[in-house]
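# Breakdown of the fold
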Amino acid sequence: MTCRHKIRGVPVLYLPYLVFPTKQTRQSGILPFYLGTSTNRGVMFSLPGYWAIDKHQDVTATAVVETSARIGVDSVYRYNPSRNRWGEFHGA
């Protein structure tokens, strides 16, 4: 989604915008990214995504790029079927 302002058909201002969910239920989507640098890992970039599978399950998967170290995906699966049972699995 973007906001574009044009003068005589020529774009002069381009602003991306996000939709902020105001619903009470969980919403699937892309989360804010991380960008940084490290002497050991080089340039680091991660982009997480969230999937609300149903009322009791969700997954967060994060694409990770470290120019001197790795490229991969980290993930967390969480479940909570009742007040007494819950858990999570981590994978990379």
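Residues numbered from 1 in each chain as written. Predicted model: local features only at pLDDT ≥ 70, side-chain atom pairs only at ≥ 80, totals over all residues. Heavy atoms only, no water.

## Considerations on the side chain of threonine 62
Topologically, threonine 62 is positioned in strand β6 (residues 57-66). Discounting chain neighbours no more than four positions away, the residues touching threonine 62 are Ser46, Leu47, Pro48, Gly72, Val73 and Asp74. (Helix = DSSP H or I, 4+ residues; strand = E, 2+ residues; numbered from the N terminus. Contact = heavy atoms within 4.5 Å.)

## Considerations on the pattern of salt bridges
This model, assessed by the stated rule, comprises 5 salt bridges. One salt bridge connects arginine 41 with glutamate 66, and the closest N-O pair in it is separated by 3.4 Å. A residue pair is termed long-range when its members are at least 10 positions apart, and arginine 41 in the loop between β4 (34-38) and β5 (42-54) and glutamate 66 in strand β6 qualify at 25 residues. By relative accessible area, which is 41% here, arginine 41 ends up partly exposed. Its salt-bridge partner being arginine 70, residue aspartate 74 comes within 3.6 Å of it at the nearest N-O pair. For aspartate 74, a relative accessible area of 26% puts it in the partly exposed group. Each of the salt bridges in this network shares a partner with another, and the network as a whole consists of Arg41, Glu66, Arg70 and Asp74. (Salt bridge = Lys/Arg side-chain N within 4 Å of Asp/Glu carboxyl O. Buried < 20%, exposed > 50% of the residue type's maximum accessible area, 1.4 Å probe, protein only.)

## Here's the deal with the side chain of threonine 60
With respect to the helices, strands and loops of the structure, threonine 60 is situated in strand β6. In terms of polar contacts, threonine 60 uses its side chain to reach the side chain of arginine 78, at 2.6 Å. Aside from chain neighbours lying at most four places away, what touches threonine 60 is Leu31, Pro48, Gly49, Tyr50, Asp74, Ser75, Val76 and Arg78. (Polar contact = N/O pair within 3.5 Å; in protein donor to acceptor, adjacent residues only side chain to side chain.)

## What to know about the environment of arginine 26
As for its placement among the helices and strands, arginine 26 is situated in the loop between β2 (10-16) and β3 (29-30). Put simply, arginine 26 and lysine 55 are 29 residues apart on the chain and 8.2 Å apart in space, counted from C-alpha to C-alpha. Not counting chain neighbours up to four residues away, the residues in contact with arginine 26 comprise Tyr50, Ala52, Asp54, Lys55, His56, Gln57 and Asp58. Polar side-chain contacts of arginine 26 include one of 2.3 Å to the backbone oxygen of aspartate 54. Within the local environment of arginine 26, its side chain forms a polar contact with the backbone oxygen of lysine 55, the two atoms lying 3.3 Å apart.

## Observations regarding the packing of aromatic side chains
Taken as a whole, this structure holds 4 aromatic pairs when the rule is applied. Geometrically, the ring pair formed by tyrosine 77 and phenylalanine 89 is stacked, given 6.2 Å between the ring centres and 15° between the ring planes. Of this pair, tyrosine 77 sits in strand β7 (residues 70-79) while phenylalanine 89 sits in strand β8 (residues 87-91), and the two are 12 residues apart along the sequence. The exposure class assigned to phenylalanine 89 is exposed, which follows from its relative accessible area of 52%. Put simply, the rings of Tyr77, Tyr79 and Phe89 touch in pairs and so form one group of aromatic residues. (Phe/Tyr/Trp six-rings, centres within 6.5 Å; stacked < 30°, edge-to-face > 60°.)

## Notes on the environment of valine 43
Inspection of the secondary structure puts valine 43 in strand β5. What makes valine 43 partly exposed here is its relative accessible area of 39%. For the pair valine 43 and valine 65, spaced 22 residues apart in sequence, the C-alpha to C-alpha distance is 7.8 Å. Leave out the neighbours within four places in its chain, and valine 43 touches Leu35, Gly36, Thr37, Val65, Glu66 and Thr67.

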